[in-house]
Amino acid sequence: DRDGARAHYQRASAGPDRDLRKQARAALSHALPAEEVRAVHLIAEARRARARGAAAEAAQAYRAALRLWPRSQEAALRVAEDDLARGRRESAREAIEDLARARDPDPPWVRPWSLLLRAEMFDLEGDREAALAEYRKALADPHGQDEIKERAAQGLLGPPAPAVPIGPDVLL
């Protein structure tokens, strides 16, 4: 709804916050690509699914958003989280490492989440010392994310249990 958004951008472009004024002026002069707009809607859908505990539905929406908007750090994080939970460490590794090194992630909580996932990945690989260091980093600045605090604190107590039950026919 470009016309509906225009009034909000105009108010923001006249507001007191310099950075917001700059962003609002840029938004007024350049419309977001249709793919990015659709991806933002998918991310909102994924957040709602995640909040109600529908992990598979959330992961599917995040994957669709990432295909439409490959620069979305939130979508990349959640896809990597899903890959890690499904035992696909190698496909998760690059995204987790890139996000952990990001200087100004968007949204800002992406960085501590990536540190948490990195810790869990280290634990799954048997590198407890590296995992503990990452859990501590994530816990030190969770950006108001209670789930990061809880999972990092739990990780400090002991490595997470594998998502898939390990039986005699499953090789580690």
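Residues numbered from 1 in each chain as written. Predicted model: local features only at pLDDT ≥ 70, side-chain atom pairs only at ≥ 80, totals over all residues. Heavy atoms only, no water.

(A) Structural detail: the pattern of salt bridges. Inspection of every chain in the model, using the stated rule, returns 21 salt bridges. Here E81 and R50 are joined by a salt bridge, their closest N and O atoms 3.1 Å apart. Here E81 is found in helix α5 (residues 73-85), whereas its partner R50 is found in helix α3 (residues 34-51), with 31 residues between them in sequence. We classify E81 as buried; its relative accessible area is 10%. Overall, R50 belongs to the partly exposed group, its relative accessible area being 25%. With a closest N to O distance of 2.3 Å, E125 and R93 form a salt bridge. With E125 in the loop between α7 (110-124) and α8 (128-140) and R93 in helix α6 (residues 89-101), the pair connects residues that are 32 residues apart, well separated along the chain. Judged by relative accessible area, which is 34%, E125 ranks as partly exposed. Judged by its relative accessible area of 23%, R93 is partly exposed. Connected through shared salt-bridge partners, R50, R78, E81, E120, E147 and R151 make up one network. (Salt bridge = Lys/Arg side-chain N within 4 Å of Asp/Glu carboxyl O. Helix = DSSP H or I, 4+ residues; strand = E, 2+ residues; numbered from the N terminus. Buried < 20%, exposed > 50% of the residue type's maximum accessible area, 1.4 Å probe, protein only.)

(B) Spatial organisation of the packing of aromatic side chains. Considering all chains together, one arrives at zero aromatic pairs under this definition. The ring of W113 carries the charged tip of R78 above its face, separated from the ring centre by 4.4 Å. (Phe/Tyr/Trp six-rings, centres within 6.5 Å; stacked < 30°, edge-to-face > 60°. Lys NZ or Arg CZ within 6 Å of the ring centre and 35° of its normal.)

(C) Main features of the environment of A65. Positionally, A65 belongs in helix α4 (residues 55-68). Owing to a relative accessible area of 0%, A65 belongs among the buried residues under this scheme. Measuring from C-alpha to C-alpha, the distance between A65 and A39 comes to 4.3 Å, with 26 residues separating the pair along the chain. Contact partners of A65, with chain neighbours within four places excluded, come to A39, L42, I43 and A75. (Contact = heavy atoms within 4.5 Å.)

(D) Looking closely at the packing of α6 against α7. Contact geometry for α6 and α7: axes closest at 8 Å, N-to-C directions at 140°. Judged on the interaxial angle alone, α7 and α6 are oblique. Seen from above, α6 lies across α7 with left-handed handedness. Here R89, R93, I96, E97, L99, A100 and R101 of α6 come into contact with α7, specifically with V110, R111, S114, L115, L117, R118, M121 and L124. Partitioning the contact of α6 with α7 into residue classes produces eight nonpolar, one polar and six charged. (Axes fitted to C-alpha atoms, helices over the stretch in contact; angles between N-to-C directions. Parallel < 35°, antiparallel > 145°, perpendicular 65-115°, else oblique. Left-handed = near helix turned anticlockwise from the far one by under 90°. Nonpolar A, V, L, I, M, F, W, Y, C, P; charged D, E, K, R; others polar.)

(E) Structural detail: the packing of α3 against α4. At their nearest, the axes of α3 and α4 sit 8 Å apart, and the two run at 165° to each other. Classified by the interaxial angle, the pair formed by α3 and α4 is roughly antiparallel. Considering how the two elements wind past one another, α3 and α4 form a crossing that is left-handed. In this structure, α3 uses E35, R38, A39, L42, I43, E45, A46, R47, A49 and R50 to contact α4, whose residues at the interface are E57, A58, A61, Y62, A64, A65 and L68. Along the lines of polarity and charge, the residues of the contact of α3 with α4 split into 11 nonpolar, no polar and six charged.

(F) Just the nonpolar core, in detail. In terms of nonpolar packing, the biggest core is built from 22 residues, with L77, L84, I96, W113, L116, Y135 and A138 touching the most fellow members. Only α5, α6, α7, α8 and α9 (146-157) provide two or more residues apiece to this core. The dominant element in this core, judged by the number of residues it contributes, is α7, at eight residues. L42, A61, A75 and V79 belong to the second-largest nonpolar core, a separate cluster that totals 11 residues. (Core = buried A, V, L, I, M, F, W, Y, C linked by side-chain atoms within 4.5 Å.)

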